[in-house]
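# Analysis of the macromolecular model
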Amino acid sequence: MISNSRQVTVNAAFLKEIKEDNLRLYNLMENLRTFWLVPDPLALKPEWFSVLINELRDQLAMHFALEATFGYFDHADQVDVLTAAESQRLRDQHEDLYLEIASIAEQVEEALYPEWNQTTYAAQIERFDQFYQKFQQHESAEFDLIMSASYENFKRMYHSGVSSKAYSARW
């Protein structure tokens, strides 16, 4: 169902491009995963975890800012009600995810300085594991949103009289 009230929706093409272009973010996430995959918390340098987690925090700030600015539209004229609700929900998750990673980064610093606190450090590794799972669920939901919005756009174009031959000729 299409609603004529002004709501939030996704700019599927830009959101997809933002995700494809942010290789540094995904590399950081994978590098940080090794810290909980290795059973000994001291096998990998805790200082390195701190450096990576701080860099991840900064990358997420940039990533979410780009998504909010170019990946979502406020006040869209015609929006599928379900797409609008999911767009709003996912855009709202950005703040919670960012605050979580910022808190983990801060706690890691406190575990390292002025004195090493292995218990606090290990707890932050576990928190990062949970954060990683939430972030993966968020990214998967955004991918589903991109696919759904792309399909809805295709349907609108098709039903508005653009033949499939004309559509395919453009590509």
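Here's a quick rundown of the structure. (Residues numbered from 1 in each chain as written. Predicted model: local features only at pLDDT ≥ 70, side-chain atom pairs only at ≥ 80, totals over all residues. Heavy atoms only, no water.)

It is worth spelling out the overall build of the protein chain at this point. Looking only at helices and strands, one finds six helices and four strands in the protein chain. Secondary structure elements of the protein chain, listed N to C terminal, follow the sequence β-β-α-α-α-β-β-α-α-α. In the protein chain, which comprises 171 residues, the proportion classed as buried is 36%. For the protein chain, long-range pairs separated by at least 24 residues make up 85% of all intrachain contacts whose partners lie at least 6 apart in sequence. For the protein chain, the computed accessible surface area is about 10,100 Å², with 56% contributed by carbon and sulfur atoms. (Helix = DSSP H or I, 4+ residues; strand = E, 2+ residues; numbered from the N terminus. Buried < 20%, exposed > 50% of the residue type's maximum accessible area, 1.4 Å probe, protein only. Contact = heavy atoms within 4.5 Å. Areas by Shrake-Rupley, 256 points an atom, 1.4 Å probe, with all protein chains shown as cover.)

Here Lys19 is to be found in helix H1 (residues 12–21). Owing to a relative accessible area of 12%, Lys19 belongs among the buried residues under this scheme. A distance of 2.9 Å separates the side chain of Lys19 from the side chain of Glu139, its partner in a polar contact. Residues contacting Lys19, with those up to four places away along its chain left out, are Tyr26, His63, Glu67, Glu139, Glu142 and Ile146. (Polar contact = N/O pair within 3.5 Å; in protein donor to acceptor, adjacent residues only side chain to side chain.)

What follows is about the packing of aromatic side chains. In this structure the tally under the stated criterion is nine aromatic pairs. Where Trp116 meets Tyr121, the ring centres are 5.1 Å apart and the plane angle is 50°; that geometry is what we call tilted. On the basis of relative accessibility, which here comes to 0%, the residue Tyr121 falls in the buried class. Ring pairing ties together the aromatic residues Phe35, Phe49, Phe64, Trp116, Tyr121, Phe128, Phe131, Tyr132 and Phe135, which thus form one cluster. (Phe/Tyr/Trp six-rings, centres within 6.5 Å; stacked < 30°, edge-to-face > 60°.)

Taken N-terminus to C-terminus, the directions of helix H3 (residues 46–71) and helix H4 (residues 81–112) make an angle of 160°; their axes are 9 Å apart at the nearest point. By the criterion of interaxial angle, the relationship of H3 to H4 is roughly antiparallel. The interaxial crossing formed by H3 with H4 has left-handed handedness. In this structure, H3 uses Pro46, Glu47, Phe49, Ser50, Ile53, Asn54, Leu56, Arg57, Leu60, Ala61, Phe64 and Glu67 to contact H4, whose residues at the interface are His94, Leu97, Tyr98, Ile101, Ala102, Ile104, Ala105, Val108, Glu109 and Leu112. Considering only residue class, the contact of H3 with H4 consists of 15 nonpolar, three polar and four charged. (Axes fitted to C-alpha atoms, helices over the stretch in contact; angles between N-to-C directions. Parallel < 35°, antiparallel > 145°, perpendicular 65-115°, else oblique. Left-handed = near helix turned anticlockwise from the far one by under 90°. Nonpolar A, V, L, I, M, F, W, Y, C, P; charged D, E, K, R; others polar.)

Moving on, we get to the packing of H1 against H3. Following both chains from N to C, one finds H1 and H3 inclined at 160°, their axes separated by 9 Å at the closest point. The angle between H1 and H3 places the two elements in the roughly antiparallel class. Where H1 crosses over H3, the two elements pack in a sense that is right-handed. Residues Phe14, Leu15, Ile18 and Lys19 of H1 touch H3, and the partners they reach there are His63, Leu66, Glu67, Phe70 and Gly71. Residue composition of the contact of H1 with H3, grouped by class: five nonpolar, two polar and two charged.

For the rest of this paragraph, the subject is the environment of Trp36. In this fold, Trp36 is placed in helix H2 (residues 23–37). Considered as a pair, Trp36 and Phe128 are 92 residues apart in the sequence and their alpha carbons are 8.3 Å apart.

A separate point is a nonpolar patch on the surface. Residues Phe14, Met62, Leu66 and Phe70 make up a contiguous nonpolar surface patch of roughly 370 Å² in combined accessible area. Per-element accounting of the nonpolar patch gives the leading share, three residues, to H3. Positionally, Met62 belongs in helix H3. (Patch = residues over 30% accessible without salt bridge, like charges linked within 9 Å, V, L, I, M, F, W, Y side chains within 5 Å. Salt bridge = Lys/Arg side-chain N within 4 Å of Asp/Glu carboxyl O.)

Now for the nonpolar core. In terms of nonpolar packing, the biggest core is built from 24 residues, with Phe49, Ile53, Leu56, Phe128 and Phe131 touching the most fellow members. Mapped by element, the contributors of at least two residues to this core are H2, H3, H4 and helix H5 (118–159). Sorting elements by how many residues they give to this core places H4 first, with seven residues. Ignoring anything within four residues of it in the chain, the contact list for Phe128 reads Met29, Leu32, Arg33, Trp36, Phe49, Ile53, Leu56, Ile101 and Ile104. Formed by nine residues, the second largest nonpolar core is a distinct cluster that contains Tyr72, Leu90, Ile146 and Ala149. (Core = buried A, V, L, I, M, F, W, Y, C linked by side-chain atoms within 4.5 Å.)

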